[in-house]
Amino acid sequence: MIAEREEDRTHHFRGKWFGFGPVQDDEFLVFAVFETTMRSGRRLSARSFDRKKLINAELSIARQALVTKTKFDVAVARRGEAMKGKFVGLATANAGTIRGIFSEDWPKAAPRKIFGFGILDLVEPGDFDGHGTLGFLVEATVPKTRELGALREFLMFDLADKFSDIRPIEECEWGSPASIGIARFATVWRALKQV
Amino acid sequence: MDVFQRRNVTGAQSLFERACHMTIPQLMDVYPRSTGEGVVPYWLCEISRAATGVLDRSEIKVPDHFAVKWSLRGTGGSFELYEAISRAQSTAELPDAAQIRTINSLKLEKRVSLERHLTKIDADSLTYADAAVRDALSVIRRHNLSDAENVMISEDGILSIQWRKTTSGAAMVFTGDGKILVSMAAPGKLYSQKPTQISATDSLPREFLKALEQFHV
């Protein structure tokens, strides 16, 4: 679960001077699809996402502009094949669009506006710097009621719809070493301004 | 083994009263005879908690229409429970008139049952999952709903069915507490935005049924 304002700070295990900082709304996220990933033809379905990983905010994604094709191929596609079967392709979605998935006038007992998902720049030892995670926000998971449980199912349907069709790795616009270098510089600059 | 079938009793009435307070495990354990109807999944063998209001799934109050048969011939009579218990009603009433079912609808029904078989449900949500499956089967039968793109059950026993096309879709979620949530998605409208909640005994909203017509697979 992602708490309020948790998306505003960095989650790189080495601290704010490393990685690329919080995920911005204009970024694109990449979801890797393997042979064992459930899907409907060329589209993701709600079944493509591990519910438990979403609840724990552990669903891995890559930040498209902040990773090179080679890096993604080695660190995600090839590494993932060991456990999840052959790499099939990837689906992309805009971070702002995913954050914008919401519900209104729900639950019936206490109607309110509920946003479903948050995205963290979570990088743990062994991850590449353009790694991130996707998960439910606290407001979509607490309290643990049947009504909110039902809402989570709808949120997952919406999440699947927000991703593009599954396509080959070559058709994605990856970051270049130069653009990634600039992004790193910007991250350090932001951290400096906060001091 | 012979607890219910051969126990001597003084009268049929006392036997029936005893049957009314038996528990499910006993029923299942002591009845080894096959009726030829095949094995019935256990979640179909329970009365919906939403229908009865009974939260404890270990005890069942057998209603009058359950088939308790006895014979006064022989040694004081015996009775047998046949598979009528597997026809426990859902939270929704079935229509009186028989209807012609489509193969697509039967397929969806089968997928729902199969999904329940394959999904590992948290122990504390089993009753909800079973009630959700019963409610779903009842709704599918009543409305002859056609096969869907996705059928899934969460670990906490919430069953959802989704029909989808390129830019639009419709979904139903069964929470297992006698409620159904329905929602439709289209460009600019999310599934989660404003779901409609109805009782499992209610008919599905007309506009929802109309929307489903475009998703026939």
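Rules and cut-offs
Residues numbered from 1 in each chain as written. Chains lettered and ligands numbered in written order. Predicted model: local features only at pLDDT ≥ 70, side-chain atom pairs only at ≥ 80, totals over all residues. Heavy atoms only, no water. Helix = DSSP H or I, 4+ residues; strand = E, 2+ residues; numbered from the N terminus. Buried < 20%, exposed > 50% of the residue type's maximum accessible area, 1.4 Å probe, protein only. Contact = heavy atoms within 4.5 Å. Areas by Shrake-Rupley, 256 points an atom, 1.4 Å probe, with all protein chains shown as cover. Axes fitted to C-alpha atoms, helices over the stretch in contact; angles between N-to-C directions. Parallel < 35°, antiparallel > 145°, perpendicular 65-115°, else oblique. Nonpolar A, V, L, I, M, F, W, Y, C, P; charged D, E, K, R; others polar. Expected span 1.5 Å × (residues − 1). Arc of directions from axis to C-beta. Buried area = accessible area lost by both parts, 1.4 Å probe. Salt bridge = Lys/Arg side-chain N within 4 Å of Asp/Glu carboxyl O. Polar contact = N/O pair within 3.5 Å; in protein donor to acceptor, adjacent residues only side chain to side chain. Pairing = 2+ DSSP bridges.

J.: Help me get a handle on the overall build of chain B, residues and values and all.
T.: Each helix and strand counted, chain B has six helices and seven strands in total. Each helix and strand of chain B, ordered N terminal to C terminal, gives the series α-α-α-β-β-α-α-β-β-β-β-β-α. When each of the 217 residues of chain B is scored for burial, the buried share is 49%. Within chain B, counting contacts between residues at least 6 apart in sequence, those at least 24 apart form 62% of the total. Taken as a whole, chain B presents about 11200 Å² of accessible surface, with 54% of it coming from carbon and sulfur.

J.: Kindly report on the packing of helix H4 (residues 103-118) of chain B against helix H5 (residues 126-143) of chain B, identifying the contributing residues and their values.
T.: Residue and element names in this part refer to chain B. Closest axis-to-axis distance for the H4/H5 pair is 10 Å, and the angle between their directions is 175°. Here H5 runs roughly antiparallel to H4, going by the angle between their axes. Within the contact between the two elements, H4 uses Ser105, Leu108, Glu109, Val112, Ser113 and Arg116 and H5 uses Leu126, Ala129, Asp130, Val133, Ala136, Leu137, Ile140 and Arg141. Split into classes, the residues belonging to the contact of H4 with H5 amount to eight nonpolar, two polar and four charged.

J.: Could you give an account of H4 of chain B, naming the residues involved and the relevant values?
T.: In an α-helix, one turn spans 3.6 residues, which is why side chains three or four residues apart end up on the same side. Residues and elements named next belong to chain B. Between its first and last C-alpha, H4 extends 22 Å over 16 residues, near the 22 Å set by a 1.5 Å rise per residue. Within H4 the residues assigned to the buried category are Ser105, Leu108, Glu109, Val112, Ser113, Glu115 and Arg116. Seen along its axis, H4 keeps its buried residues to an arc of 160°; they face one direction. Of the exposed residues in H4, the ones pointing more than 90 degrees away from its buried face are Ile103, Lys110, His117 and Leu118. Those residues of H4 that are buried lie in contact with H5, strand E3 (150-153) and strand E4 (159-164).

J.: Quick one: what's the story with the interface of chain B and chain A, residue by residue and with numbers?
T.: Listed by partner, the interface residues are 32 residues for chain B and 30 residues for chain A. Between chain B and chain A the total buried area reaches about 2700 Å² when both faces are included, carbon and sulfur atoms providing 56% of it. Counting across the chain B and chain A interface gives five salt bridges. Note that lysine 194 of chain B and aspartate 105 of chain A form a salt bridge whose closest N and O atoms lie 3.6 Å from each other. At the junction of chain B with chain A, the criterion picks out 18 residue pairs in polar contact (both at pLDDT 80 or more). Counting residues per element, the ones that place at least two in the side of chain B that touches chain A are E3, E4, strand E5 (169-174) and strand E6 (179-185) of chain B. Broken down by element, the residue count for the side of chain B that touches chain A peaks at four residues, all from E3 of chain B. Looking at the side of chain B that touches chain A, its residues break down into twelve nonpolar, twelve polar and eight charged.

J.: Break down unusual backbone geometry for me, with residues and values.
T.: All names here are of chain A. Between tryptophan 106 and proline 107 the backbone carries a cis peptide bond, its omega angle lying at -5°. Cis geometry is adopted by the peptide bond preceding proline 143, which originates at valine 142 and carries an omega value of 0°. Of note, proline 143 is situated in the loop between strand E9 (131-136) and helix H4 (146-162).

J.: Residue-level account of the sheet that holds strand E4 (residues 59-63) of chain A, with values.
T.: All names here are of chain A. Read across the open sheet, the five strands follow the order E5-E1-E4-E9-E8; overall the sheet is antiparallel. The open sheet has two edge strands, strand E5 (87-94) and strand E8 (117-120), and neither has a second partner. Averaged over all neighbouring strand pairs, the angle between strand axes comes to 35°, with direction disregarded. Bridge count between strand E1 (residues 28-34) and E4: two bridges; the pairing is antiparallel. Looking across to E4, one finds that leucine 29 is bridged to arginine 63. Contacting E1, E4 and E5, helix H2 (residues 69-84) runs over the sheet at an angle of about 35° to E1. Its contacts with the sheet place H4 against E5, E8 and E9, and it is angled at close to 145° to E9.

J.: Before we move on, could you go through the pairing of E5 of chain A and cite the residues and values that matter?
T.: Residue and element names in this part refer to chain A. For E5, the tally of buried residues reaches seven of eight residues, placing the bulk of the element in the interior. Bridge count for E1 against E5 is seven bridges, and the pairing is antiparallel. Across the sheet, valine 33 pairs through a bridge with glycine 89, a residue of E5.

J.: Residue-level account of the sheet that holds E3 of chain B, with values.
T.: Residues and elements named next belong to chain B. Sheet architecture is open: five strands sit in the order E3-E4-E5-E6-E7, paired in antiparallel fashion. Because the sheet does not close on itself, it has two edges, and the strands there are E3 and strand E7 (196-199). Strand-to-strand twist in this sheet, taken as the mean axis angle between neighbours without regard to direction, amounts to 20°. Together, E3 and E4 form the strand contacts of H4, whose direction differs from that of E3 by roughly 30°. Those strands touched by H5 are E3, E4, E5 and E6, and its axis lies near 135° from that of E5.

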